[in-house]
Amino acid sequence: MRALRLLEWKSDPQLVEVEDPVPGPGQVVVRIGGAGACHSDLHLMREFGPGVVPWEPPFTLGHENAGWVHALGSGVTDLEVGQPVAVYGPWGCGTCRRCRLGMENYCEDPLAAPVPGGGGGLGLDGGMAELMLVPAARLLVPLPDGLDPVKAAPLTDAGLTPYHAVRRSWPKLGPGSTAVVVGVGGLGHLAVQVVRATTAARVVAVDTREEARSLAAAEGADLTVAPEDAAAEIRAATGGRGADVVLDFVGSDATLALGAAVGRTLGDLTVVGIAGGTLGLSFFSVPYELSVQTTYWGTRPELEDVLDLAARGLLRAAVTTVTLDGAVEAYHRMQAGTAVGRQVVVPTD
Ligand code: NAD
Ligand code: ZN
Ligand code: ZN
């Protein structure tokens, strides 16, 4: 089969011929229906090098995957060939307490995981191929009726990651509150929808690009602003108080500084984007009791929540599909800032 593989750090991935995977005991091979292109792939193919993460190329890209069960390894009894499934992306050890709670994103025994701190498309072969080997049946979540794999694929990361980030701030997002989404790309456009679907907060969306701000407005943002106007407009829109929760899907020096500038006393500043910025901390540099945290991906039970919201029509990824042959171009568009919503690779006809 063909697979889009990162062969070495600091290079474009290559479309190459590889052997079809065969499931071992307890494993499952998924026929991929959709594999989302995430900005994290750009970070890892452009910026990462030896030692940044505990794994190395070569591997097949694609860590946002959904499709149909293709072949079952021995001992897998709770799935059927042909069944539509989403792949839960962070692959932990499966046995530590966190993993047993479904929080494999925060596995505490990563050396016992299939790849330490990674998963399919992140150190092991991912979904930008016709078939993908999933090392344990527990990492598959059956798709609810009405949700097809192309629409479901982005939900496994671009939907799940914002859901996890928003959910931890639910107590601060009651009526009268304001949430700011910075960066309305693959993750951010779903973050706007997650805030709308699961809280009473007003949503302000910030992006450098006009088309991204338009998408945010279409997804229900109450106010959209360009970064240069954001601090003043958000202060004005909140009666000077600031935003209860800022969700930063960029993570640059500029966006972190914006988050601190518009955050409210007792609020949350949650950094999801990995652009590598830093935020200086001194007694007077952030509002009192503003909690600042990074978040990584989400839990398996949260993925079930996200798929349920989507099946009910409350979350909908704005998807552009491309073929495997068009995948490298799709990453180039993402880098150039000409992609809108999520680009999803559909490997087979
Ligand atoms: P994307 O390229 O689809 O979207 C990024 C958006 O940010 C674009 O719309 C862009 O115009 C906008 N943007 C860029 N600079 C900006 C600025 N200074 N101010 C306002 N907006 C700006 O990217 P994505 O796939 O949605 O990923 C977003 C970030 O989240 C990436 O850094 C990615 O690596 C990271 N990520 C983190 C996790 C996690 O678990 N923490 C998971 C997935 C992705
Ligand atoms: Zn990702
Ligand atoms: Zn674990």
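Below is a short write-up of the structure. The residue numbers shown here count from 1 along each chain, following its written sequence. The naming scheme follows written order: chains are lettered A onward, ligands numbered 1 onward. The model is predicted, so local features are restricted to residues of pLDDT at least 70 and side-chain atom pairs to those at 80 or more, both for listing and for counting; the totals for chains, interfaces and linings are taken over all residues. Only hydrogens and water are removed before side-chain values are computed, so all heavy atoms of the structure are retained for them.

1. What to know about the packing of helix H7 (residues 227–237) against helix H8 (residues 253–262)
Move 1: To get an axis, a line is fitted to the C-alpha atoms, and for a helix only the part in contact is used. The angle between two axes follows their N-to-C directions and goes from 0 to 180 degrees. Counting from the N terminus, the helices are DSSP H or I runs at least four residues long and the strands are E runs at least two residues long. Here H7 crosses H8 at 20°, and the two axes come no closer than 10 Å. Taken as axis vectors, H7 and H8 run roughly parallel relative to one another. Regarding H7 and H8, the two cross each other, and that crossing is right-handed. Contact with H7, carried on its side by Ala230, Ala231, Ile234 and Arg235, involves Leu258, Ala261 and Val262 of H8 and no other residues of that element. Every angle not falling under 35 degrees, over 145, or within 65 to 115 is termed oblique; those three ranges are roughly parallel, roughly antiparallel and roughly perpendicular. Take the far helix as your reference; a near helix turned counterclockwise from it by less than a right angle gives a left-handed crossing, and one turned clockwise gives a right-handed crossing. By the convention used here, residues are in contact when the closest approach between their heavy atoms is within 4.5 Å.

2. Some thoughts on the coordination of the zinc ion (ligand 2)
Move 1: Each metal's donors comprise the N, O and S atoms found within 2.8 Å of it (within 3.2 Å for Na, K or Ca). Water is not part of the atom list, so some coordination spheres may appear incomplete. The coordination sphere of the zinc ion (ligand 2) contains the protein donors Cys38 (SG), His63 (NE2) and Asp157 (OD), at a distance range of 1.8 to 2.3 Å.
Move 2: Sequence positions of the donors to the zinc ion (ligand 2) reduce to the motif C-x24-H-x93-D. Here Asp157 lies in the loop between helix H3 (149–152) and helix H4 (160–167) and His63 lies in the loop between strand E4 (59–60) and strand E5 (65–72), a separation of 94 residues in the sequence. The pair His63 / Asp157 is uniform in exposure class, with both members buried. Buried means the residue's accessible area, taken with a 1.4 Å probe over protein chains only, is under 20% of the maximum for its type, while exposed means over 50%, and partly exposed covers the values in between.

3. Looking at the pattern of salt bridges
Move 1: By convention in these notes, a salt bridge is any Lys or Arg side-chain nitrogen within 4 Å of a carboxyl oxygen on Asp or Glu. Evaluated as defined, the whole model comprises 14 salt bridges.
Move 2: Across the pair Arg98 and Glu108 runs a salt bridge whose closest N-O atoms are separated by 3.1 Å. With Arg98 in helix H2 (residues 97–100) and Glu108 in the loop between H2 and strand E7 (119–120), this pair connects stretches of sequence that are 10 residues apart.
Move 3: Arg98 sits in the partly exposed class, given a relative accessible area of 31%.
Move 4: The closest approach of N and O atoms between Asp207 and Arg209, which form a salt bridge, is 4.0 Å.
Move 5: Overall, the relative accessible area of 8% leaves Asp207 in the buried class.
Move 6: Accessibility expressed as a relative area gives 18% for Arg209, which makes it buried.

4. Considering the site of ligand 1
Move 1: Inspection of the region around ligand 1 gives 28 residues, with His39, Ser40, Asp207, Trp297 and Arg342 positioned closest.
Move 2: Between ligand 1 and the protein, one listed contact pairs an oxygen atom with a side-chain N or O atom of Arg209 at 2.8 Å.
Move 3: Distance and chemistry together define a polar contact, namely a pair of N or O atoms within 3.5 Å, with one atom able to donate a hydrogen and the other to accept it when in protein, and with adjacent residues in sequence counting only for side-chain atoms on both sides. In the model, an oxygen atom of ligand 1 is placed 2.7 Å from a nitrogen or oxygen of the Arg342 side chain.
Move 4: Method for areas: the Shrake-Rupley scheme with a 1.4 Å probe, in which residue coverage is limited to the protein chains shown. Protein coverage of the free-state accessible area of ligand 1, which is 860 Å², stands at 87%.
Move 5: At the level of elements, helix H1 (39–46) and helix H5 (186–198) are the ones that each hand at least two residues to the shell around ligand 1.
Move 6: Examining the composition of the shell around ligand 1, we find that three residues originate from one element, H1, more than from any other.
Move 7: Each residue is assigned to one of three groups, with Ala, Val, Leu, Ile, Met, Phe, Trp, Tyr, Cys and Pro labelled nonpolar, Asp, Glu, Lys and Arg labelled charged, and all others, Gly among them, labelled polar. Within the shell around ligand 1, the residues separate by chemical class into 13 nonpolar, 11 polar and four charged. It suffices for a single heavy atom of a residue to lie within 4 Å of a molecule or strand for the residue to be listed as near it.

5. Re the coordination of the zinc ion (ligand 3)
Angles between donor atoms at a metal ideally measure 109.5 degrees for a four-coordinate tetrahedral arrangement and either 90 or 180 degrees for a six-coordinate octahedral one.
Move 1: Protein coordination at the zinc ion (ligand 3): the donors are Cys93 (SG), Cys96 (SG), Cys99 (SG) and Cys107 (SG), at 2.3 to 2.4 Å from the metal.
Move 2: Square planar and octahedral assignments, for four and six donors respectively, both demand that opposite donors be over 155 degrees apart and that all other angles lie between 65 and 115; tetrahedral needs four donors with all angles between 85 and 135 degrees, and anything else is irregular. Angles of 105 to 118° at the metal separate the four donor atoms of the zinc ion (ligand 3), which places the site in the tetrahedral class.
Move 3: In primary sequence terms, the donor set of the zinc ion (ligand 3) follows C-x2-C-x2-C-x7-C. As far as the burial class goes, Cys99 and Cys107 line up, both buried.

6. Digging into the packing of aromatic side chains
Move 1: Stacked, edge-to-face and tilted are the three classes for Phe, Tyr and Trp ring pairs, Trp counted by its six-membered ring, which pair at centre distances within 6.5 Å; planes under 30 degrees apart are stacked, over 60 edge-to-face, the rest tilted. Scanning the entire structure with this criterion turns up seven aromatic pairs.
Move 2: A ring pair is formed by Trp9 and Phe48, whose centres lie 6.1 Å apart and whose planes are at 50°; its orientation type is tilted. Of this pair, Trp9 sits in the loop between strand E1 (2–6) and strand E2 (14–17) while Phe48 sits in the loop between H1 and E4; the two residues are 39 residues apart in sequence, bridging distant segments of the chain.
Move 3: By relative accessible area, which is 12% here, Trp9 ends up buried.
Move 4: Ring geometry for Trp55 and Phe59: centres 5.6 Å apart, planes at 85°, overall edge-to-face. With respect to burial, Trp55 and Phe59 carry one shared label: buried.

7. Some remarks on the nonpolar core
Move 1: We call a set of buried Ala, Val, Leu, Ile, Met, Phe, Trp, Tyr and Cys residues a nonpolar core when their side-chain atoms join them within 4.5 Å. Leu44, Leu61, Met128 and Leu307 are the most contacted members of the largest nonpolar core, which has 81 residues in total.
Move 2: Per element, the largest residue contribution to this core is six residues, and it comes from H5.
Move 3: Grouped together as the second largest cluster of nonpolar side chains are 17 residues, Val180, Ala243, Val262 and Leu269 included.

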